[in-house]
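Each chain is listed here by its residues.
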Amino acid sequence: MQCGRQRVIAGFTRLVYSRLLQGLVPLMNILSELKSRFRIVLSELVEDPAELLSMIRPAQDAKFGDYQANIAMPLGKTLGKPPREIAAEIVGKLDLNDICEAAEIAGPGFINLRLKDDWLVERLNRAVGDERLGVATASDPRTYVLDYSSPNVAKPMHVGHIRSTVIGDALCRTLRYLGHRVISDNHLGDWGTQFGMIIYGYKHFVDQSAYEAAPVPELSRLYKLVNQLVDYHNAQSAFPTLENELRARSAAAESLRNQAPTDDKAAEKKKKKELRKLEEKANEARESIASANAKLAVVTSDSQLCETATQHINIATNVLEETAKLHRGDSENRRLWDEFLPKCRDEIQKLYDRIDIEFDFEYGESFYHERLANVVEEFEKDGLAKESEGAICVFLDGFDAPMIIRKKDGAFLYATTDLATVQFRMQEWCPDAILYVVDHRQGEHFEKFFAAAKLCGYPDVELCHVSFGTVLGDDGKPFKTRSGDTIGLEALLDEAVQRAYTVVSQGDDAKPNGPELGKDERRHIADAVGHGAIKYADLSHNRTSDYVFSYDKMLALTGNTATYLQYSYARVNGIFSKGAVDITKLRDGGAAIQVAERAERALALELLRFSDALADVIEDYRPNQLTSYLFQLTKVFFSFYEQCPVLKADEEKTRNSRLLLCDLTARTISQGLNLLGIKVVERM
RNA sequence: GUCCCUGUAGCUCAGUUGGAUAGAGCAUCGGUCUUCUAAACCGGCGGUCGCAGGUUCGAAUCCUGCCAGGGACGCCA
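Quick notes on the rules
- Residues numbered from 1 in each chain as written.
- Chains lettered and ligands numbered in written order.
- Predicted model: local features only at pLDDT ≥ 70, side-chain atom pairs only at ≥ 80, totals over all residues.
- Heavy atoms only, no water.
- Near = heavy atom within 4 Å.
- Polar contact = N/O pair within 3.5 Å; in protein donor to acceptor, adjacent residues only side chain to side chain.
- Helix = DSSP H or I, 4+ residues; strand = E, 2+ residues; numbered from the N terminus.
- Nonpolar A, V, L, I, M, F, W, Y, C, P; charged D, E, K, R; others polar.
- Buried < 20%, exposed > 50% of the residue type's maximum accessible area, 1.4 Å probe, protein only.
- Pairing = 2+ DSSP bridges.
- Right-handed = clockwise from strand over helix to strand, strands pointing away.
- Domains from an automatic or database assignment.
- Phe/Tyr/Trp six-rings, centres within 6.5 Å; stacked < 30°, edge-to-face > 60°.
- Lys NZ or Arg CZ within 6 Å of the ring centre and 35° of its normal.
- Axes fitted to C-alpha atoms, helices over the stretch in contact; angles between N-to-C directions.
- Contact = heavy atoms within 4.5 Å.
- Patch = residues over 30% accessible without salt bridge, like charges linked within 9 Å, V, L, I, M, F, W, Y side chains within 5 Å.
- Areas by Shrake-Rupley, 256 points an atom, 1.4 Å probe, with all protein chains shown as cover.
- Salt bridge = Lys/Arg side-chain N within 4 Å of Asp/Glu carboxyl O.
- Lys, Arg positive; Asp, Glu negative; His and termini not counted.
- Charge placed at Lys NZ, Arg CZ, Asp CG, Glu CD.
- Core = buried A, V, L, I, M, F, W, Y, C linked by side-chain atoms within 4.5 Å.

## Notes on the protein's contact with RNA strand B
Next up, step 1: Surveying the vicinity of RNA strand B reveals 59 residues, the closest of which are R57, Q60, K407, Y567 and Y641.
Next up, step 2: The protein-proximal atoms of RNA strand B, defined as those within 4 Å of the protein, are 58% sugar or phosphate.
Next up, step 3: Contacts to RNA strand B include K635, whose side-chain N or O atom sits 3.3 Å from a sugar or linking oxygen.
Next up, step 4: Elements that contribute at least two residues to the surface near RNA strand B include exactly α4 (72–79), β4 (110–113), α11 (265–300), β8 (391–394), α18 (489–509), β13 (547–548), α21 (562–578) and α25 (624–643).
Next up, step 5: Taken together, the residues of the surface near RNA strand B break down into 25 nonpolar, 14 polar and 20 charged.

This is how it looks when you write it as structure tokens:
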């Protein structure tokens with residue numbers, strides 16, 4: 001089993017070292033700093049100020065200041081005093097003189113805070129000389145195991161896999177940047193029925209010369225073929241049941257419709273509802289029949305395929321038997337698995353290389369195979385699982401259906417592997433949290449699995465299903481090709497890069513002084529832009545919601561896209577080259593940021609909020625908090641850039657200050673995109 | 001039948017765990033280029049936050065019911 005490029009440990013040490021270099025005074029983000037001041041006052045008023053402290057946040061509107069504390073209103077209730085009075089009391093006791101102007105009390109009791117310009121400038125000047133842009137590392141580092149990507153090696157990856165991969169990778173990078181210990185573990189699907197299919201296909205249908213020439217495409221073909229045949233036979237056997245169901249539903253609906261109406265309004269309403277449900281069910285049955293028909297048609301429309309299908313009537317059970325033989329240690333099947341796995345894995349690696357994804361460990365399902373029997377035994381021994389209808393089940397409070405950990409035929413399941421995995425991870429790494437970046441449809445599985453994990457001896461670890469929604473096409477249905485096939489990841493990336501090349505070329509051709517990029521550079525840029533666009537689209541949407549996939553939107557040069565941010569970065573960079581500025585020299589040469597114009601101040605404040613944004617990402621594992629921040633930062637920057645001449649500033653002091661603001665902006669965009677796994681280019 | 005998620009501007013989406021007049025982008029309309037990349041900036045239009053109740057100083061956010069879409073529901077992963 002391939003595993004372990006011990007990068008974690010090295011990265012961790014590096015981080016600790018860089019913290020030491022920062023000096024003794026720990027940096028803190030603005031919000032934490034404010035909260036710690038409020039905490040002192042609030043502890044006198046309530047027992048646990050934590051909840052109140054979460055009500056201190058950036059002001060919703062600039063006219064209210066920079067930050068606002070909404071704590072006086074809820075306190076009004078608990079303390080039985082008018083909120084404004086409480087607000088005044090808190091403000092009186094608060095020691096914020098070094099950070100803020102005098103606090104203002106507004107409306108029903110809002111406390112509005114405005115940061116002192118001196119304080120802003122002092123912070124910013126520290127960030128200029130700091131490799132980490134003033135972002136502090138966690139004062140209480142935790143250990144996280146991140147479980148993401150986890151594709152089935154035998155099946156081609158599709159658009160759903162990239163969402164897990166990209167979100168997981170972004171969380172991994174962000175947590176690590178903030179000083180946590182992170183272990184990324186790719187839980188590959190390398191042991192399931194899909195290998196039974198390939199093995200069966202190989203034994204009966206392989207084109208040996210094709211396999212020798214290009215093994216992976218041939219294995220894909222075999223997978224697809226066997227899958228089609230299995231679908232065909234399943235559809236055929238399901239047909240009578242489906243038709244019966246349709247008949248029954250239709251008849252029931254018909255008789256309901258023919259019932260004479262009564263005067264009882266409630267009964268009529270109930271009848272109507274019943275009827276609608278029946279019609280819905282009938283429609284579902286119709287759809288199932290249509291989909292079964294489609295599966296049948298795939299085979300019947302092809303006479304050769306048809307013949308193959310009749311020759312392999314028991315293919316579904318035989319595939320399961322091949323899988324079972326593999327699991328039993330059958331030498332032939334094991335040999336084939338050993339031969340196929342690395343080939344399939346290499347294919348996936350090509351994609352990971354393309355989109356810059358690495359894992360620390362890769363313990364796939366097969367790694368846990370020998371531990372599964374023991375998991376079930378332990379559950380039985382501890383009285384947590386019992387036999388029911390031939391299967392071994394864990395019955396959990398609050399769930400109707402049990403979690404089955406061994407089938408009646410003796411085989412183990414996904415749930416069994418998950419339990420073995422959590423045991424292994426706890427023993428191996430002792431994490432504080434394990435995050436599973438998996439699509440939302442598996443929500444109930446995770447709820448049960450987490451409940452079972454708590455029962456079997458891990459009550460304290462934070463187990464979190466970082467779920468995400470479906471990627472949809474323009475039609476609002478799961479993103480597929482017109483013919484209904486899932487879209488391969490490689491083709492998807494190719495198209496994005498190709499379209500990015502067009503966008504980059506058009507932009508370059510339209511430059512006022514003529515194009516300045518060669519073909520190779522355009523290609524290099526298109527690579528960063530195309531891949532960045534795909535990743536950013538996944539990350540900028542709230543992960544829990546579905547989103548509509550659109551090349552045009554994700555590659556747009558305006559709006560909340562990676563392309564716009566990459567362009568902005570390149571443009572800031574363009575200022576330095578235009579002015580022949582050696583920015584490193586300026587940074588180290590004692591030049592300082594000053595804040596005079598309103599636009600300068602707005603940019604300064606936004607720059608200092610970077611670490612707040614990162615904290616928001618971690619809070620609920622939402623990378624879109626970072627994309628929104630970067631987009632906002634960029635907008636504020638362009639507003640500054642429009643109003644404040646940089647290279648043409650009147651005085652050298654102003655020019656240098658503004659150059660440093662540009663520099664911090666560029667570095668923040670670059671670092672932010674880097675945490676999202678997206679690259680910047682120096683010009684575009 | 002049970003359970004879960006979603007419903008916000010014409011479109012695509014945010015909305016920081018109950019806060020001030022609900023926000024962006026796209027589209028559209030109008031301004032700003034002899035001046036650091038106009039791939040930009042500034043402004044306008046656009047909303048019964050699915051519907052109806054309830055909780056309270058205050059609701060897109062919490063509760064109840066309904067409507068619509070999606071998903072999951074004992075031997076797949």
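More follows now that the structure is in view.
## Considering the pairing of strand β6 (residues 181–185)
Next up, step 1: With respect to burial, β6 is a largely interior element, four of its five residues being buried.
Next up, step 2: As paired strands, strand β5 (residues 143–147) and β6 are joined by five bridges and run parallel to one another. What sits directly across from D147, in β6, is D185.
Next up, step 3: Between β5 and its parallel partner β6, the chain crosses via helix α7 (residues 159–177), and the hand of that crossover is right-handed.

## So, the domain arrangement of chain A
Next up, step 1: Its domain assignment divides chain A into domain 1 (30–128), domain 2 (143–191 + 344–472), domain 3 (193–334) and domain 4 (489–675).
Next up, step 2: Distance between the C-alpha centres of domain 1 and domain 3: 61 Å.

## So, the pairing of strand β7 (residues 385–388)
The side chains of a regular strand alternate, residue by residue, between the two faces of the sheet.
Next up, step 1: Strand direction decides the pairing type here: β7 and β8, joined by four bridges, are antiparallel. Across the sheet, the residue bridging to A385 is V394, located in β8.
Next up, step 2: Connecting β7 to the antiparallel partner β8 that follows it, the hairpin turn spans two residues, and E389 within it adopts a positive phi of roughly 50°.

## So, the packing of aromatic side chains
Next up, step 1: This model, assessed by the stated rule, comprises 31 aromatic pairs.
Next up, step 2: Between Y148 and F359, the aromatic rings sit 5.0 Å apart at their centres with planes inclined by 40°, giving tilted as the arrangement. On the criterion of sequence distance, the pair formed by Y148 in the loop between β5 and α7 and F359 in the loop between α14 (331–354) and α15 (372–381) is long-range, its members being 211 residues apart.
Next up, step 3: In textbook terms, an aromatic cluster arises when at least three aromatic residues are bridged by ring pairs, as seen for F361, Y363, F367, Y368, F424 and W429.
Next up, step 4: Directly above the aromatic system of Y177 lies the positively charged group of R132, at a separation of 4.3 Å from the ring centroid.
Next up, step 5: Taking the ring centre of Y67 as reference, the NZ or CZ of R609 above it sits at 4.9 Å.

## Details of the sheet that holds strand β2 (residues 67–69)
Next up, step 1: The four strands lie next to each other as β1-β2-β4-β3, forming an open sheet whose pairing is antiparallel. Only two strands of the sheet have a single neighbouring strand rather than two, namely β1 (56–58) and β3 (104–106). For this sheet, the mean inter-axis angle between neighbouring strands, taken without regard to orientation, is 30°.
Next up, step 2: Inspection of the sheet shows β3 paired to β4 by three bridges, in the antiparallel sense. Across the sheet, A106 pairs through a bridge with F110, a residue of β4.
Next up, step 3: Against the sheet, helix α5 (residues 83–93) contacts β3 and β4, and its axis sits at roughly 170° relative to β3.

## With respect to a positive patch on the surface
Next up, step 1: A grouping of K269, K272, K273, R276, K277 and K281 is seen on the molecular surface, where their side chains present a positively charged patch.
Next up, step 2: Along the polypeptide, K277 turns up in helix α11.

## Notes on unusual backbone geometry
Next up, step 1: The phi dihedral of L133 falls on the positive side, at around 60°, and the residue is not glycine.
Next up, step 2: With respect to the helices and strands, the residue L133 is situated in the loop between α6 (117–128) and β5.
Next up, step 3: Owing to a relative accessible area of 10%, L133 belongs among the buried residues under this scheme.
Next up, step 4: The phi angle at D356 is positive, at roughly 65°, despite the residue not being glycine.
Next up, step 5: Along the chain, D356 turns up in the loop between α14 and α15.

## Observations concerning the nonpolar core
Next up, step 1: Among the nonpolar cores identified, the biggest contains 173 residues, and F38 and I90 are the most heavily contacted of them.
Next up, step 2: When residues in this core are grouped by element, the largest group, 12 residues, is from helix α10 (residues 215–258).
Next up, step 3: In this structure I90 touches F38, V41, L42, L45, I71, L75 and I111, once residues within four positions along its chain are discounted.
Next up, step 4: Counting residues in each nonpolar core, the second largest holds 33 residues, with M403, F424, W429 and Y436 among its members.

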